[in-house]
Every structure is written in structure tokens, then in C-alpha cells.
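# Coordinate analysis (summary)
Below, each chain spelled out in residue letters.
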Amino acid sequence: MKRKGLGFYFRIYCKILAQDLKSKMSYRADFIISTIGMIFTNISGFISFWILFRSFPSINGWSYYEMLFLYGFSLVSLTPVQCFFDNNWSLRQYVYSGDFIKYCFRPINLFFYYQSEVFDIKGLGQLAFGIGTLAYSWAKIGLAFTPLMLLKMIVFLITASLIMIALQNAAAATCFWIQNSFYVLDLAFRFKDYAKYPITIFSPVFRFIFTFVMPIAFIAYYPSLVILRPDEVPLLSWLSPVFGVVFFLISYRIWMYGATKYSGTGS
Amino acid sequence: MKLKKYLTLTRAGIIESLQFRLATVVMVIGNILYLIVVYFLWKAIYASSGTDIVNGMTFSDTLIYLVLATALFNFMEMYTVWEIGRSIQSGKIVLDLLKPIEYRRYLFWSYSGSFITQFFFTFLPTFIIVAAVTHGAIHLGLNLLFFVISVVMAVSINYSIDFLVGTICLYTESIWGINIMKQVIVLLLSGATIPIAFFPEPLKTIVYYLPFQSIYNAPLSILLDGTPQPQTVLVTLGTQLLWCIVMMILSRLFWKISLRQITVNGG
């Protein structure tokens, strides 16, 4: 099979996206309610954050606005996984029912085709919320705003997103081996709630675990240090783009390995 | 004779829930992870506050509260909204409505088996560990009895709210959005994620007038109160009883009215 170029995949993605949006629009009430639900989630997350930290000038050497910055950073970096990889949640049903076999017969990349089938617009509300939070805390901390900073910000946001995408891919792929993978996926999804706290609050043992075993700290903490504390950026922060790409590739391999082993249900 | 049909449902529920052992293991890992994060987060908060008692709660009070709130959550979360929503979408609800048992009761009792397994496998061990580790921070006396009464009413209120929200699915046929809204509101306003004692003033008063705080805050504050005043206990339990009755009537009434609206696609 001839390898297809990026342009080809981009054109295909747009076509599938248009189909997906059309089918979503036919369930308009559901779409509106889900969007409101997503907004509720973000507002309640923000209220919880405000209740916890409003009365303390700083937690563990982190000021209120720095914590807010971390929170906003995690919201924005979680948007791609929500928007582009939401179909991972349905994977176990496709595998279980045998419908997954239909993806195996397309002459394009299996992983790409599967993920492109669903685009979750709800994630865009979270993106707007996250950008708002970031901009607000950015101004309050008094960080400089230069093109270089913006570039750094974008690079490290993508890095952080890749980590979460990798975690979710790997968790979703477990359904190729175990029956009820919902709990594994749910566990990985809950990691995002812990990403918004600075890792320095943990004891050294857990700092190590959350950095190397379950890389939660890479979803917001390490990447955002580059912007937040430019004078004392640890090596791990600079390395995080590499980690992001590596993690993503590993998760992609696991996912594809599971998919190629998939033998259908026989129906 | 009447009780026997309910207990049969309970038994089936116990057997069903024992099937998913892997799910339980993953859930326990998830909860431990959550508690680790909570522990270090609140430790940092107490360290930065400079005092031992914040909003009338010591660090160990807060920790016991949050640990037991998590255990209670596992125990009480019945996924009623999902259950009703899915039955409506698949048409299974028609078969359930034909059963010679009221739907609201049928759903509750078919879940009750999980109450028993959850109680013995998660809540009780958690409670014993917490009581042992904190060396008498939990006063073991009459408050245990009040706690049990309070939890029973909390289960009832929680179920009524769930059922009420699940009924909305009859109109919208949207499950995810409705469920996430309910979950977010209940978890925040019931004090399951942050003790209500930490809420700022106007919000705190408002929350005390809502039914949600009767689900988590009421039983846990009764349990943690070492020297209970008869008056406070009576007010707390009385409020719960009131909400118990109000929510039950509301959810029954709403279900009865809504049932006339039902449209089922096949089945």
C-alpha cells in the first residue's frame, strides 16, 4: 500500500468531520444539554478551586494566581483529548460487539480513521474557559507577553496534551485484552483532576511516582514552569516535549498492536 | 411474601456485583490515588494557614470527613440516571413498566445488592482503618447510631434526586449531559468534595437550605461531632427527614406525570 501524505489525511479528516457534525446536529437537544453540562463542570471546578484557595495567600510557595495559572493550563491542555480522541470511550463497545472490524478494512491508517470519526465540540467550551483563566492569571501575575513566550506556551501546551492523549489511548487500548475496560479509562480520566496541583505539595516518593510511573505532573506542572518560573526551570520541563512525543508513540504502538491482534467476534 | 420479591432482587444484585472483580480492584486503586492527592493537598493547605484549626475543623477531622465521603460516594452512587436513560433509549423500559412492581421500587431493589457488597467491601473496611489509624478521632458512642440513621435517609434522598433527574431523560433522551449536571451539582453542594464548613458565608447559608447537604454533610458532621448536643442532632436529622419526604413525593409525582409523555422507539 502506498503511504499517504499529510495533505491527504487532512482532506479526509475535514470530510469525516463534516459528516460527524451533521449527524450531531440532528440530535440538537442532546447537543445543547451536553454543552450546558460541560459548562457546569467547568464552573463547578472553578468554584471548588476558589473555595479552597481564596482564603490563603499562598500554598506551599505558590500564590493564588500561580495556582490559577496551573488550573487554566491544565484545562487548555486537556482540550485536544476531549475534542479529537473522544471516540476512545466507545472503543470497548465496538470491540465487544464486533463492529470494530469495519475499521480494519479501510485503506487508511486504522488509528487515524477510528479517532477521526468523532469530534467533540463540547471541548471548545472548556478551551474558551481555560484560555480565559490563563489570560486572567497571566495578567495578574504580571508576566511579560512576547512572541517568544507565546511560542513557548503553545509548544508546551501541545506537549502537555500529548501526555494526556497518550494516557487515554493506552487506557482505552486495554479493552483489546480485558472485557470491562471502562474502569481503567475512567481511572486515567480522573488523572486530569490531579494535574492542576503543583507537584511540590507531595512527598518525594509520590513526586517520583507522579513524574515517572503515572506522569500526571507532565499534564500541567512541568510544562507550565517554563512560563511561570522562567528563572528556575528544571531539566524535566525542558525534556517534557520529548517525553510527550515518546509517550504518544508508545501509546500509539500499544493501541495498534491491540487492534491488529483483534480477531473480531465472528459475526 | 411481599418482602420476598424484593430480597430476590437484592440477591441477584449481590451475585451480579461479585462478577466484576477486576472493576473493583481498579476502583480501589483509583480511590487510593484520590485519597493520596487529597491528603497532600489538605496538608499543604493546613501548613500554609498557620493554625491547627481551619473553619472549626482540624486536619484529621477534614481528612476523616473526605475519606468517609469518598467511601459513602462509592456506596451511594447508583447510576440511576444512566440506568433509566439507557432503558428509555433501548426500549427496555417498556418491559420494566409491565412488571407487577412499581418501577421506582424495582430499580431501587435491583440495585440494593450492590449496597450490601459495597458496604462490606468498601465502606466498612475504610471506616475501620480510619478509626484505627486516627486513634479515637472518631468518637465511638451514640453518634454511631445517629450516623446510621442519617445514612439511611441520605441514601433515600440521593435516590429520590437521582430518580427525579432520571425522569427528565423521558423528555430529553439525553443522558450524558443531564447526568453530568446532576453529578457536578450534587458533589459540590453536598460537601462531598469540600466540607461545607469551608464555604464562604453567603454560599454556606444558601447550601444549608438546599437538599444536597443532607446527603454527605449531614451524616458526616453527625459522626465527627464528639460531643453531640441533642438539639443539633435533632435539627440535622429533622432536616433530613423533611427532605426525605419532600423529595420522595416530588420524584413520585414527577414520574407519574411524565409517564404519560413516554414515547418508546421499538423495544
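In this text, all values refer to a predicted model and were calculated from it rather than measured experimentally. (Residues numbered from 1 in each chain as written. Chains lettered and ligands numbered in written order. Predicted model: local features only at pLDDT ≥ 70, side-chain atom pairs only at ≥ 80, totals over all residues.)

### Concerning the overall build of chain B
Let me state the cut-off plainly: Comment: elements are numbered from the N terminus, with helices defined as DSSP H or I runs of at least four residues and strands as E runs of at least two. Each radius of gyration reported is based on C-alpha atoms, and the globular scaling rule is 2.2 Å times the count of residues to the power 0.38. The burial label depends on the number of other C-beta atoms within 10 Å of a residue's C-beta. Counts of 20 or more mean buried, 12 or fewer mean exposed, and intermediate counts mean partly exposed, with C-beta atoms placed from the backbone. Placing a C-beta atom from the backbone of each residue, one calls two residues in contact when those atoms lie within 7 Å.
Of regular secondary structure, chain B possesses eleven helices and two strands. Ordering the α and β elements of chain B from the N terminus gives α-α-β-β-α-α-α-α-α-α-α-α-α. Its C-alpha atoms give chain B a radius of gyration of 20 Å, near enough to 18 Å, the size a compact globule of 267 residues would have. Buried positions account for 39% of the 267 residues belonging to chain B. By sequence separation, contacts in chain B at least 24 residues apart represent 83% of the contacts at least 6 residues apart.

### A look at the overall build of chain A
Scanning chain A from N- to C-terminus turns up twelve helices and two strands. In sequence order, the secondary structure elements of chain A are arranged as α-α-β-β-α-α-α-α-α-α-α-α-α-α. For 267 residues, the compact-globule formula gives about 18 Å, and the C-alpha radius of gyration of chain A, at 20 Å, lands near that figure. With respect to the principal axes defined by its C-alpha atoms, chain A has extents near 60 × 40 × 35 Å. By the burial criterion, 38% of the 267 residues in chain A qualify as buried. Once local pairs closer than 6 in sequence are excluded, the contacts in chain A between residues at least 24 apart make up 80%.

### Things to note about the confidence of the model for chain A
For clarity, the cut-off: A score from 0 to 100, pLDDT tells how confident the predictor is in each residue.
Confidence in the prediction of chain A, expressed as mean pLDDT, is 84, and 97% of residues score 70 or more. Looking at the elements of chain A, mean pLDDT is at its lowest for strand β1 (residues 58–59) of chain A, recorded as 80, and at its highest for helix α3 (residues 64–77) of chain A, recorded as 89.

### Brief notes about the confidence of the model for chain B
All names here are of chain B. Of the residues in chain B, 96% have a pLDDT of 70 or more, and the chain-wide mean is 84. Mean pLDDT per element in chain B: helix α1 (residues 2–19) is the minimum at 75, and helix α11 (residues 230–259) is the maximum at 90. This prediction of the complex comes with two scores: 0.82 for pTM and 0.82 for ipTM.

### Some words on the interface of chain A and chain B
Filter applied, for reference: Amino acid classes used here: Ala, Val, Leu, Ile, Met, Phe, Trp, Tyr, Cys and Pro are nonpolar; Asp, Glu, Lys and Arg are charged; the rest, including Gly, are polar.
Taken residue by residue, the interface counts 29 residues in chain A and 30 residues in chain B. Secondary-structure elements contributing two or more residues to the side of chain A that touches chain B are α2 (28–53), β1 and α9 (182–194) of chain A. Of all the elements, α2(A) adds the most residues to the side of chain A that touches chain B, at 13 residues. For the side of chain A that touches chain B, a count of residues per class yields 18 nonpolar, eight polar and three charged.

### Side note on helix α2 (residues 21–49) of chain B
Note the threshold: One less than the residue count of a helix, multiplied by 1.5 Å, gives the span that helix is expected to have.
Compared with the 42 Å implied by 1.5 Å per residue over 29 residues, the 42 Å span of α2(B) between its first and last C-alpha is a close match. What α2(B) keeps buried is the set B:Val26, B:Gly30, B:Val37, B:Phe40, B:Trp42, B:Ala44, B:Ile45 and B:Tyr46. Packing partners of the buried residues in α2(B) comprise α2, β1, α9 and α10 (204–213) of chain A together with β1 (53–54) and α3 (59–76) of chain B. Downstream of α2(B) by a residue or two, B:Gly50 has a phi angle that is positive, lying close to 85°.

### A look at the nonpolar core
In summary, soluble globular proteins display a tendency toward joint burial of nonpolar side chains. To keep it simple, the criterion reads: A set of buried residues drawn from Ala, Val, Leu, Ile, Met, Phe, Trp, Tyr and Cys, joined through C-beta atoms within 7 Å, is what defines a nonpolar core.
Grouped together as the largest cluster of nonpolar side chains are 130 residues, with contacts concentrated most on A:Ile163 and B:Leu68. Here this core takes 15 residues from helix α7 (residues 142–172) of chain B, the largest share from any one element. With residues up to four places along the chain from it excluded, the contact list for A:Ile163 reads A:Pro215, A:Phe218, A:Ile219, A:Gly244 and A:Phe247.

### Considerations on the environment of A:Asp120
Residues and elements named next belong to chain A. Tracing the sequence through the fold places Asp120 in the loop between α6 (110–116) and α7 (122–141). A residue is classified by how many C-beta atoms lie within 10 Å of it, and Asp120, with 20 of them, is buried. Here the alpha-carbon distance between Asp120 and Phe84, two residues 36 residues apart in the chain, equals 6.7 Å. If sequence neighbours within four positions are ignored, Asp120 has contacts with Gln82, Cys83 and Asp86.

### Observations regarding the environment of A:Tyr113
Residues and elements named next belong to chain A. Following the sequence through the fold, Tyr113 ends up in helix α6. A tally of 18 C-beta atoms within 10 Å means that Tyr113 is categorised as partly exposed. Along the chain, Tyr113 and Tyr13 lie 100 residues apart, while their C-alpha atoms are 8.3 Å from each other.

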